[in-house]
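For reference, the chains in residue letters:
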Amino acid sequence: MLLDDKSILITGGTGSFGKAFTKYVLDNYNPKKIIIYSRDEFTQFIMQNEFKQYAGKLRFFIGDVRDKERLTRAFEGVDYVIHAAALKQVPACEYNPAEAIKTNIHGAQNVIDAALDTGVKKVVALSTDKAVNPTNIMGASKRLCEMIIQTFSRYSKTEFVAVRFGNVLGSNGSVIPLFKKQMAAGGPVTVTHPDIIRFFMTIPEAVSLVMQAGALAHGGEIFVLDMGEPVKIADLAKNLIRLSGYTLGVDMNIEYTGLRPGEKLYEEILTKEEGLQKTANNLIYVGQPLEFDEVHFLSELKKLEIAASEEPRDV
């Protein structure tokens, strides 16, 4: 994407990715403005201080993706939207399924509707490898988000595209900051299962993937980064313990706590049906869109919205 003299809005813009993407754009382009859209006043305050030298380029907008009216107001005059706002912690989504539906599914629908209403050129939505054959609410909600994007991309001038991430090292809630905090407290380092594996990418890789996807997108694609071989979380913990100057089993231990509700032993990048298509970048691939009954899908989506809004008060 060429972002000179363009207006960019980032939902969930105060998160780890949002801040890194903002810095990348400001360091490499001359955007007209970047709108940071999030519901957290305090993290906006922190980010304002971190980026105070760019005050003339940044606009901070307090709002929730669940609020379509607020979104539409924020989207006015925007060229590109990076949709990063989501509930992403698997256990939190398992225990609060209606909240995950409201934010991850219907929040995404609001982003699409607001983009269509205001003539946004392109929307790049962040997804996850947990959306592939999902076994938890978080993954299922992000898969539905991908399907919404693919549906609306067929009938609009706005280009909608999704980007699947693995686990982003150093992001809020990722394992390395957690391991470091546990070691600083004297341990133990907790891992759910000795055989659990995950795909990992760095924050700069995530930013680069979004930029590349934005440049390659024509609408409806799901882009995936080649992240190499998955990593065993236990091996990651052992290496971090060693690199931090501890000896495993002597002054630092690993405790296995058991898989959390909805958690897989391994993640996947694509279903077999999606396959892989090469792009001009040999590290980025496109998943083949799957066919589904769009009318039935949108009808069922509306039922899901109603069910989430009518969640019993004692849940």
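Residues numbered from 1 in each chain as written. Predicted model: local features only at pLDDT ≥ 70, side-chain atom pairs only at ≥ 80, totals over all residues. Heavy atoms only, no water.

Student: Can you tell me about the packing of aromatic side chains, naming the residues and giving the values?
Tutor: Aromatic ring pairs are reported here in terms of the distance separating the ring centres and the angle at which the planes meet. Going through the model one piece at a time under the given rule, you end up with seven aromatic pairs. Aromatic side chains Phe 17 and Phe 165 sit 5.9 Å apart centroid to centroid with 55° between the ring planes, which places their arrangement in the tilted category. Here Phe 17 is found in helix α1 (residues 16-28), whereas its partner Phe 165 is found in strand β6 (residues 159-165), with 148 residues between them in sequence. The same class applies to Phe 17 and to Phe 165, which are both buried. With 6.1 Å between their ring centres and 25° between their planes, Tyr 37 and Phe 61 make a pair best called stacked. Linking Tyr 37 in strand β2 (residues 33-38) with Phe 61 in strand β3 (residues 58-62), this pair joins segments that are 24 residues apart in sequence. You'll find Tyr 37 and Phe 61 in the same group, each marked buried. Linked through ring pairs, Phe 17, Phe 21 and Phe 165 together constitute an aromatic cluster. (Phe/Tyr/Trp six-rings, centres within 6.5 Å; stacked < 30°, edge-to-face > 60°. Helix = DSSP H or I, 4+ residues; strand = E, 2+ residues; numbered from the N terminus. Buried < 20%, exposed > 50% of the residue type's maximum accessible area, 1.4 Å probe, protein only.)

Student: Can you lay out unusual backbone geometry for me, pointing to particular residues and giving the numbers?
Tutor: Between Gly 187 and the following residue, Pro 188, the backbone shows a cis peptide bond with an omega angle of 0°. Its place among the elements puts Pro 188 in the loop between α7 (175-184) and β8 (189-191). The phi torsion at Asn 133 lies on the positive side, around 45°, for a residue other than glycine. Tracing the backbone through its elements, the reader meets Asn 133 in the loop between β5 (122-128) and α6 (137-153). On the basis of relative accessible area, Asn 133 is assigned to the partly exposed category, the value being 40%.

Student: Outline the side chain of Thr 22, supporting the account with residue identities and numerical values.
Tutor: Looking at the secondary structure, you find Thr 22 in helix α1. Accessibility expressed as a relative area gives 0% for Thr 22, which makes it buried. At 2.8 Å, the side chain of Thr 22 forms a polar contact with the backbone oxygen of Gly 18. Once you skip the residues sitting within four places of it in the chain, Thr 22 turns out to touch Ile 10, Ile 34, Ile 36, Met 47, Phe 51 and Leu 58. (Polar contact = N/O pair within 3.5 Å; in protein donor to acceptor, adjacent residues only side chain to side chain. Contact = heavy atoms within 4.5 Å.)

On their own, these measurements won't tell you what the molecule is for.
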